[in-house]
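Architecture at a glance
Take a look at the letters that make up each chain.
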Amino acid sequence: MKQERSFPKAIVTEKAESAVKRGHPWVYDTEITEFNGFKTKDGVFPEDSSVKNGALVDVFSKKNRYLGTGFLSINSKIRIRILGNNANETYGPSFWQRRVKYALDMRRTVMQEDYRCCRLIFGEADGIPGLTVDRYEDILSTEVLSYGTEQVKDVIYQALVEELKNDGITVRGIFERNEAKIRELEGLPLEKNWYQADFVGIPSSPRVEIVENGIRYTVDVENGQKTGFFLDQKYNRLAVSKLARGMKVLDCFTHTGSFALNAAKGGAAHVTAVDISQLAVDTASENAGINGLSDRMDFLCADVFDLLPKLAEEHADYNFIILDPPAFTKSRKTTDSAKRGYKEINYRAMKMLPRGGYLATCSCSHFMPNELFRKMLLEAAKDAGVTLRLVEERRAAPDHPVAMAIPETDYLKFYLLQIV
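The following paragraphs examine the structure supplied in this document. (Residues numbered from 1 in each chain as written. Predicted model: local features only at pLDDT ≥ 70, side-chain atom pairs only at ≥ 80, totals over all residues. Heavy atoms only, no water.)

**A few points about the overall build of the protein chain**
This is how the line gets drawn: Working definition: helices are DSSP H or I runs of at least four residues, strands are E runs of at least two. Numbering for both runs from the N terminus. Radius of gyration means the value over C-alpha atoms here, while the globule rule gives 2.2 Å times the residue count to the 0.38 power. Between buried and exposed lies partly exposed: a residue is buried under 20% and exposed over 50% of the maximum accessible area for its type, with that area taken using a 1.4 Å probe on protein chains only. Method for areas: the Shrake-Rupley scheme with a 1.4 Å probe, in which residue coverage is limited to the protein chains shown. Charged residues are defined here as Lys and Arg on the positive side and Asp and Glu on the negative side; His and the ends of the chain fall outside this count. Lys charges are placed at NZ, Arg charges at CZ, Asp charges at CG and Glu charges at CD.
Looking only at helices and strands, the protein chain has 10 helices and 21 strands in total. Its C-alpha atoms give the protein chain a radius of gyration of 23 Å, near enough to 22 Å, the size a compact globule of 420 residues would have. Projecting the C-alpha coordinates of the protein chain onto the three principal axes gives extents of approximately 70 × 50 × 35 Å. Among the 420 residues that make up the protein chain, the fraction classed as buried is 55%. Accessible surface, the protein chain: about 19,000 Å² in total, of which carbon and sulfur atoms supply 49%. A gap of 5 Å separates the mean positions of the 57 positive and 58 negative side-chain charges of the protein chain.

Here it is, written out as structure tokens:
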């Protein structure tokens, strides 16, 4: 189709063309062979290409076939983040309003009664590059990791506020958690603060109470992990709750106690919650008190890697162990060392559990693919002298949708296993 508009033009390699046609939205710096009429080499753009960071760019194949349009990021290895492949689209406010509506319509359908506390926008999976928006009742917590998206966030935020009004919700505030180092690679500052605009207010406190799976939590959108709370494990926690009745449970890497609280609410005989952070342990204990579960729980500040061998020596008699560690790898370079870390804790847990005991284990790093995680579990079981029965294999809650053509959106692996 003939191009009538004046967006700069990038010519890409056959490898990039193939990926874009499959639906992956990223074009890497080294995949661009020509930009705006200038030849490029090894991802270096000529100084006189005169295109601003965050500009809209049309992507073409070597045979001059239009592939899509996206945001340019001149500082990032992900040089272009494609938004769509409609050659007639101008990517003005109406485009972003549609994208926001599509994202919220999906959550209204798949989350239903849990819509009040869920992820509203999940970056590339919703066609809005690098943007995360989590809803905690009437407060939104956001993170922007794309230079181009940063330039249009005002339109996106206003669209979110207007869409939520259709649900009878008045957004009290939007808190921006723009602290990830990747922002510096995009040429963006690190910062966190309330977003200021005439269509949204600024609450007096960054804390809000939410209810998930019938359990109350106080979420601190300013100081809590990520955007304030880990929403992706919502239904995995519910699966643990249904399995825990009558069991003695050890919840490792408990953070604010969410898995432990679900186990206790599900009828566990006793739950021990462990985290290396005293602040996290104190918060978990506070949450137990809020929910009237303190009588069946205790809390321990300890390093799980040191604690598990110690508990084994003491012949601790847990029959359900939960392993929900932070991401052990955030790059492909450290995947091998991450695998060793995952194997160590899973091996220790398998050795501790009795025959017929249960293990919930997971990884939240997309650099630890599911195939490698399963292989690690089998190796750990072999070294522990046990075999495993799969009870359930799960992913993130559906408010964190997996875009089938974008492997990076499929990051959370969760297994419920029985030791046999």
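**Topic: the side chain of Arg81**
Worth spelling out the cut-off: We call two N or O atoms a polar contact when they sit within 3.5 Å, provided that within protein one can donate a hydrogen and the other can accept it, with sequence-adjacent residues counted only if both atoms are side-chain atoms. In what follows, residue pairs with any heavy atoms lying within 4.5 Å of each other are defined as contacts.
As for its placement among the helices and strands, Arg81 is situated in strand β7 (residues 78-84). Owing to a relative accessible area of 5%, Arg81 belongs among the buried residues under this scheme. Here Glu124 takes part through its side chain, which lies 3.0 Å from a polar atom of the side chain of Arg81. A distance of 3.2 Å separates polar atoms of two side chains, one belonging to Arg81 and the other to Glu186. Not counting residues within four places of it along the chain, the set of residues in contact with Arg81 comprises Pro25, Trp26, Gly70, Phe71, Glu124, Pro129, Leu145, Ser146 and Glu186.

**Observations regarding the pairing of strand β19 (residues 358-363)**
Heads up, the condition is: Paired strands are those between which DSSP finds at least two bridges.
Across the 6 residues of β19, 6 count as buried, placing the element largely inside the fold. Alternating residues of β19 divide into Tyr358, Ala360 and Cys362 and Leu359, Thr361 and Ser363, and every residue in both groups is buried. The sheet contact formed by strand β18 (residues 320-323) and β19 spans 4 bridges and is parallel. Across the sheet, the residue bridging to Leu323 is Thr361, located in β19. The pairing of β19 with strand β21 (residues 413-419) spans 6 bridges and is classified as antiparallel. Its bridge partner being in β21, Ala360 is matched across the sheet by Leu416.

**Side note on the sheet that holds β19**
For clarity, the threshold we go by: Every angle, taken between N-to-C directions, lies between 0 and 180 degrees, and every axis is a line fitted to C-alpha atoms, over only the stretch in contact when it is a helix.
What the 7 strands build is an open sheet, ordered β17-β16-β15-β18-β19-β21-β20; its pairing is mixed. In this open sheet, the two strands that pair with only one neighbour each are β17 (297-301) and β20 (388-394). For this sheet, the mean inter-axis angle between neighbouring strands, taken without regard to orientation, is 15°. The sheet contact formed by strand β15 (residues 248-252) and strand β16 (residues 270-275) spans 5 bridges and is parallel. Paired with Leu250 across the strands is Thr272, a residue of β16. The strands touched by helix α9 (residues 335-352) are β15, β18, β19, β20 and β21; relative to β19, the strand with the most contacts, the crossing angle is about 175°. Together, β19, β20 and β21 form the strand contacts of helix α10 (residues 370-384), whose direction differs from that of β21 by roughly 25°.

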